[in-house]
Amino acid sequence: MKRRHWLLAHAAVATTLALPGLAQAQARTVRLVVPYPAGGPLDTIARLLAEKAKDSLGPVVVENRAGAGGNLGADHVAKAAPDGHTLVMGAVATHAINPWLYARIPYDPIRDFAPITLVARVPNVLVMNVETAQRLKIDSVADLIAYARAHPGRLNYGSGGNGSAGHLAGEMFKAQARVSMVHIPYAGAAPAQLGLLAGQVDLNFDNLAAASANIRAGRLKALAVTTAQRSSAMPELPTIAESGLSGFAIDTWFGLFAPGGTPADVVQRLHDVFVKALQDPDVKARFAQLMAEPSPTTPAQFGAFVKAELAKYEKLVKASGASLH
């Protein structure tokens, strides 16, 4: 008798994602894996979306599985049952940078995942130590490029480590601007920002959300954002592209994936639920506080985006010489 009840419950759960009218009591918990520690912007947004999605999907529990630059959590979901009940909030690191940065990676970022939707894009910002900018009379990206070309290797920039988003943004800038700057890797983004504030380095390509308070307080000099368009959070800042480096575009992004092989109708159901959550006024307000731009896409659009990002970062990582084992 107990086995019969279990089978009936299991059969009902199998269609919960596809049939929103089923009683929520029948719903099996959806696990949303965050491959990073709790407390960061990606984790915060995952918890927001989980809360908004529970009315449609039933219980949605966020599970932090940090380690190996996000690879452990991503691999856990890659190997999970493709039934729509285990998802991951993947990111530019897990799906575009790490496959080239690590000598070996336990999953294929394309084959092993079913894209659901891009969730958000967070601009990076080119910031300088204020005293350095004043001393060198650098007030714009054009000024920075002119100085760097006239003084090869004189400027240095910090980042959260070899292969980090800040490091690769710096490598892209060096290549497109045809300048030489010295990279100083720190053990994380926070120490890198402290190094910039202390004058240990001249400039950083930092996360806008992390740098904004110091920019507004006048402790950092912001020159431009790294995204293709200006940020709605600081629309007064030009883009690097409009400041002279046409086509320059690099940012931090994250989005939702199910395991590869998840049925298309289940993926579509998840897409509809989470895109609706992204349009919620409370979610939009919290995104604004985090300086993240809501970026919903169709599953197909997100899949194409990930492939393009993977190709872009292959060139950047190889040019940087960064590698992890």
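None of the values given here were measured: they were computed from a predicted structure.

Cut-off values and rules
Residues numbered from 1 in each chain as written. Predicted model: local features only at pLDDT ≥ 70, side-chain atom pairs only at ≥ 80, totals over all residues. Heavy atoms only, no water. Helix = DSSP H or I, 4+ residues; strand = E, 2+ residues; numbered from the N terminus. Contact = heavy atoms within 4.5 Å. Polar contact = N/O pair within 3.5 Å; in protein donor to acceptor, adjacent residues only side chain to side chain. Buried < 20%, exposed > 50% of the residue type's maximum accessible area, 1.4 Å probe, protein only. Pairing = 2+ DSSP bridges. Core = buried A, V, L, I, M, F, W, Y, C linked by side-chain atoms within 4.5 Å. Axes fitted to C-alpha atoms, helices over the stretch in contact; angles between N-to-C directions. Parallel < 35°, antiparallel > 145°, perpendicular 65-115°, else oblique. Nonpolar A, V, L, I, M, F, W, Y, C, P; charged D, E, K, R; others polar. Phe/Tyr/Trp six-rings, centres within 6.5 Å; stacked < 30°, edge-to-face > 60°. Left-handed = near helix turned anticlockwise from the far one by under 90°. pLDDT = per-residue confidence, 0-100. Salt bridge = Lys/Arg side-chain N within 4 Å of Asp/Glu carboxyl O.

## As for the environment of Asp 251
So, step 1. Residue placement: Asp 251 occurs in strand E9 (residues 251-259).
So, step 2. Along the chain, Asp 251 and Asn 98 lie 153 residues apart, while their C-alpha atoms are 15 Å from each other.
So, step 3. Apart from residues lying up to four places away in sequence, Asp 251 is in contact with Val 92, Arg 121, Val 122, Pro 123, Asn 124, Thr 226, Thr 227 and Tyr 313.
So, step 4. A distance of 2.7 Å separates a polar atom in the side chain of Asp 251 from a polar atom in the side chain of Arg 121.

## Details of the pairing of E9
So, step 1. Burial within E9 is extensive, with nine of its nine residues counted as buried.
So, step 2. In this structure, strand E3 (residues 86-91) lies alongside E9, joined through four bridges in antiparallel fashion. Across the sheet, Ala 91 pairs through a bridge with Phe 254, a residue of E9.
So, step 3. The pairing of strand E4 (residues 113-129) with E9 spans nine bridges and is antiparallel. Across the sheet, residue Pro 123 finds its bridge partner in E9, namely Asp 251.

## Section: the nonpolar core
So, step 1. Of all hydrophobic cores here, the largest spans 49 residues; its most connected members are Leu 126, Leu 144, Phe 173, Leu 203 and Ile 240.
So, step 2. Counting residues per element, this core draws most heavily on helix H12 (residues 299-320), which supplies six residues.
So, step 3. Leaving out residues up to four positions away in the same chain, Phe 173 has contacts with Leu 126, Val 141, Leu 144, Ile 145, Arg 178, Val 179, Met 181, Phe 205, Ile 240, Leu 245 and Phe 248.
So, step 4. In terms of nonpolar packing, the next biggest core, distinct from the first, is built from 34 residues, Leu 57, Met 89, Ala 91 and Val 119 among them.

## A few points about the packing of helix H7 (residues 165-177) against H12
So, step 1. Two elements in contact, H7 and H12, have axes separated by 9 Å at closest approach and are oriented at 85°. Considering their axes alone, H7 and H12 lie roughly perpendicular with respect to each other. Along the contact surface, H7 presents His 167, Leu 168, Glu 171 and Met 172, while H12 presents Lys 312, Tyr 313, Leu 316, Val 317, Ala 319 and Ser 320.
So, step 2. Partitioned by chemical class, the residues of the contact of H7 with H12 number six nonpolar, two polar and two charged.

## Here we look at the side chain of Asp 112
So, step 1. Relative to the assigned elements, Asp 112 resides in the loop between helix H4 (92-101) and E4.
So, step 2. There is a polar contact of 2.8 Å between the side chain of Asp 112 and the backbone nitrogen of Asp 108.
So, step 3. Discounting chain neighbours no more than four positions away, the residues touching Asp 112 are Ala 78, Tyr 107, Ala 258, Pro 259 and Gly 260.

## Quick notes on the packing of aromatic side chains
So, step 1. Per the counting criterion, the structure on display carries eight aromatic pairs.
So, step 2. Taken together, a centroid distance of 5.2 Å and an interplanar angle of 70° make the contact between Trp 253 and Phe 305 edge-to-face. Of this pair, Trp 253 sits in strand E9 while Phe 305 sits in helix H12; the two residues are 52 residues apart in sequence, bridging distant segments of the chain.
So, step 3. Through a chain of ring-to-ring contacts, the aromatic side chains of Tyr 107, Phe 113, Trp 253, Phe 257, Phe 302 and Phe 305 assemble into a single cluster.

## Side note on the packing of helix H2 (residues 41-57) against helix H10 (residues 264-278)
So, step 1. One can describe the packing of H2 onto H10 by two numbers: an axis separation of 9 Å at closest approach and a directional angle of 130°. Taken together, H2 and H10 sit at an angle that is classed as oblique. The hand of the H2/H10 crossing is right-handed. The residues of H10 that touch H2, namely those facing Leu 49, Lys 52, Ala 53, Ser 56 and Leu 57, are Arg 269, Leu 270, Val 273, Phe 274, Ala 277 and Leu 278.
So, step 2. Looking at the contact of H2 with H10 residue by residue, the class counts come to eight nonpolar, one polar and two charged.

## Focus on the confidence of the model for the protein
The predicted structure's coordinates, where accompanied by low pLDDT, should not be read in detail.
So, step 1. In this model, the protein carries an average pLDDT of 90, and 92% of its residues clear a pLDDT of 70 or more.
So, step 2. When the criterion is pLDDT under 50, residues 1-16 qualifies, and its contacts beyond four places in sequence or with other chains add up to twelve contacts.
So, step 3. Here residues 18-26 is a poorly scored stretch, pLDDT under 50, and it has 14 contacts once near neighbours within four places are set aside; other chains count.

## Points about the side chain of Thr 262
So, step 1. Following the sequence through the fold, Thr 262 ends up in the loop between E9 and H10.
So, step 2. Only 2.7 Å separates the side chain of Thr 262 from the backbone oxygen of Pro 259, close enough to count as a polar contact.
So, step 3. Residues within four places of Thr 262 in sequence aside, it is in contact with Pro 82, Asp 83, Gly 84, Ala 114 and Val 267.

## Description of the pattern of salt bridges
Any two side chains of opposite charge can pair, given that their charged atoms come close.
So, step 1. For the structure shown, the criterion picks out 16 salt bridges.
So, step 2. A salt bridge links Glu 63 to Arg 31; the nearest nitrogen and oxygen atoms lie 3.0 Å apart. One end of the pair, Glu 63, is in strand E2 (residues 60-64); the other, Arg 31, is in strand E1 (residues 30-34), with 32 residues separating them in the sequence.
So, step 3. By relative accessible area, Arg 31 is classed as partly exposed at 24%.
So, step 4. A salt bridge links Arg 121 to Asp 251, with the shortest nitrogen-to-oxygen separation between them at 2.7 Å. Taken together, the residues Arg 121 in strand E4 and Asp 251 in strand E9 connect sequence positions 130 residues apart.
So, step 5. Ionic contacts of the salt-bridge type, sharing partners, join the residues Arg 31, Glu 63 and Arg 65 into one network.

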